[in-house]
Amino acid sequence: MAVTVHISGHLKSLTGGVLEIPLSEAHSKLDDALDELWRWHPGLRERVLDEQGEIRQHVNIFADGHDVKRSDGLATKLNEGEIHIFNAVSGG
């Protein structure tokens with residue numbers, strides 16, 4: 001399945017200004033899709049994942065409209081091929 005990654009504006013400096021990244025390979029799992037994304041834009045990895053390879057606390061990833069932190073994390077299966085990556089928002 002074709003996968004498209006949408007990133008928020010705060011990460012565009014790491015992708016040459018691109019906010020929508022179509023991946024060239026078909027992927028059925030989030031971690032496989034992200035591995036391809038890191039090959040195209042290696043600087044994103046350290047901003048999205050921590051030193052243990054887990055999603056950083058302040059980063060949200062949605063796959064097919066579902067928060068992956070509330071499901072299978074990086075092992076989440078992709079059904080529709082849409083991934084959204086953005087910083088968590090908080091305020092007070």
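Here's a quick rundown of the structure. This is a predicted model, so every value here is computed, not measured.

## Description of unusual backbone geometry
- A positive phi is found at D64, a non-glycine position, where the angle reads about 55 degrees.
- Classification of D64 as buried rests on a relative accessible area of 11%.

## Brief notes about the packing of aromatic side chains
- By the definition in use, this model includes one aromatic pair.
- Judged by centre distance (5.6 Å) and plane angle (15 degrees), the rings of F62 and F86 are stacked. Taken together, the residues span a long stretch of sequence, with F62 in strand β3 (residues 59-63) and F86 in strand β5 (residues 82-87) at a distance of 24 residues.
- Given a relative accessible area of 30%, F86 falls into the partly exposed group.

## Focus on the side chain of H6
- Residue position: H6 is located in strand β1 (residues 4-7).
- The exposure class of H6 is buried, given its relative accessible area of 17%.
- When neighbours within four sequence positions are excluded, H6 is seen to be in contact with L19, E20, E82, I83, H84 and I85.

## A closer look at the pairing of β5
- Two elements, β1 and β5, share four bridges in a ladder whose sense is parallel. When the sheet's bridge partners are listed, T4 is paired in β5 with E82.
- The pairing of β3 with β5 spans five bridges and is classified as antiparallel. Residue pairing in the sheet places N60 in a bridge with F86 of β5.

## Points about the sheet that holds β3
- Strand order across the open sheet formed by five strands is β2-β1-β5-β3-β4, with mixed pairing between neighbours. Each edge of the open sheet carries a strand with a single partner, namely β2 (20-22) and β4 (66-67).
- As paired elements, β1 and β2 share three bridges and run antiparallel to each other. Bridge pairing links T4 to P22 in β2.
- This element, helix α1 (residues 30-40), spans β1, β2, β3 and β5 of the sheet and lies at about 70 degrees to β5.

Analysis parameters
Residues numbered from 1 in each chain as written. Predicted model: local features only at pLDDT ≥ 70, side-chain atom pairs only at ≥ 80, totals over all residues. Heavy atoms only, no water. Buried < 20%, exposed > 50% of the residue type's maximum accessible area, 1.4 Å probe, protein only. Phe/Tyr/Trp six-rings, centres within 6.5 Å; stacked < 30°, edge-to-face > 60°. Helix = DSSP H or I, 4+ residues; strand = E, 2+ residues; numbered from the N terminus. Contact = heavy atoms within 4.5 Å. Pairing = 2+ DSSP bridges. Axes fitted to C-alpha atoms, helices over the stretch in contact; angles between N-to-C directions.

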